[in-house]
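# Reading the structure
Each chain, letter by letter, is given below.
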Amino acid sequence: MKKKLYAVLLLALLVTACSSTKTNRKTNVGVDSTNKYAVEDTEANKKPLEDIIVFNEEGVTIRREGNNLILSMPELILFDFDKYIVKDKIKPSLSTLAKALGENKDIHIKIDGYTDFIGTELSVKRANAIKDFLISRGAIGSNISIEGYGEQNPADTNQTAAGRSRNRRVEFIISRG
């Protein structure tokens, strides 16, 4: 009988100790009116995308649209004309981006490839080439999507060589998932 009593007391002591330890580990942001649970703010510790995604390449434009961070890169930063092999010069910056994506599993990236009206298949091949490179450097493949738009959504006219050049670009749409 004493053994059963000790076992029950020990069990009660353990349950009490575990529940009080668990409560002390939480970050209490708010408590409901009946004090049955604490609300933990999981968003509070997240850095802004601008602090995580640092891309210091000349010619790259970075802008914010709502909750998304958009990096737009002209074709010649990433690829040679009419090619889809990533240039060696940009690889260190893309590797840094891949590392940031790998370390921040809640960040998703959509890679949009654009070409001029002359070559539409190329936009998909380029987006895939960048995706493959990022994954090979540690980015999470399931957090990366691609789209090839070809000549859709031109940034400039397709009537001049300069305009077509500005249309050949890749945009990275970065967001929290």
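Whatever comes next refers back to the structure up there.
Criteria and thresholds
Residues numbered from 1 in each chain as written. Predicted model: local features only at pLDDT ≥ 70, side-chain atom pairs only at ≥ 80, totals over all residues. Heavy atoms only, no water. Phe/Tyr/Trp six-rings, centres within 6.5 Å; stacked < 30°, edge-to-face > 60°. Helix = DSSP H or I, 4+ residues; strand = E, 2+ residues; numbered from the N terminus. Buried < 20%, exposed > 50% of the residue type's maximum accessible area, 1.4 Å probe, protein only. Pairing = 2+ DSSP bridges. Core = buried A, V, L, I, M, F, W, Y, C linked by side-chain atoms within 4.5 Å. Salt bridge = Lys/Arg side-chain N within 4 Å of Asp/Glu carboxyl O.

## Details of the packing of aromatic side chains
Going through the model one piece at a time under the given rule, you end up with one aromatic pair. Taking 5.2 Å as the distance between ring centres and 15° as the angle between the ring planes, the aromatic pair formed by Tyr114 and Tyr149 counts as stacked. With Tyr114 in strand 5 (residues 107-114) and Tyr149 in strand 6 (residues 144-150), this pair connects stretches of sequence that are 35 residues apart. The two residues Tyr114 and Tyr149 agree in class, both being buried.

## Focus on the pairing of strand 5
In terms of burial, strand 5 is a largely internal element, six of the eight residues being buried. Taken together, the eight bridges between strand 5 and strand 7 (residues 169-176) define a ladder with antiparallel strand orientation. For Ile109, the partnering residue across the bridge sits in strand 7 and is Ile174. Of the strand pairs in this sheet, strand 5 and strand 6 are connected by six bridges, and their pairing is parallel. Among the inter-strand pairings, Ile109 is bridged to a residue of strand 6, identified as Ile144.

## Topic: the nonpolar core
Counting 30 residues, the largest nonpolar core has Leu94, Leu97, Ile111, Ile130, Leu134, Phe172 and Ile174 as the members making the most contacts within it. Only helix 2 (49-52), strand 4 (68-74), helix 3 (75-78), helix 4 (91-103), strand 5, helix 5 (121-136) and strand 7 provide two or more residues apiece to this core.

## Here we look at the pattern of salt bridges
This structure, assessed with the given rule, holds twelve salt bridges. A salt bridge links Lys91 to Asp88; the nearest nitrogen and oxygen atoms lie 3.2 Å apart. Arg176 is paired through a salt bridge with Asp106; the nearest N and O atoms lie 2.7 Å apart. Of the two residues, Arg176 sits in strand 7 while Asp106 sits in the loop between helix 4 and strand 5, which places them 70 residues apart along the sequence. On the basis of relative accessible area, Arg176 is assigned to the partly exposed category, the value being 27%.

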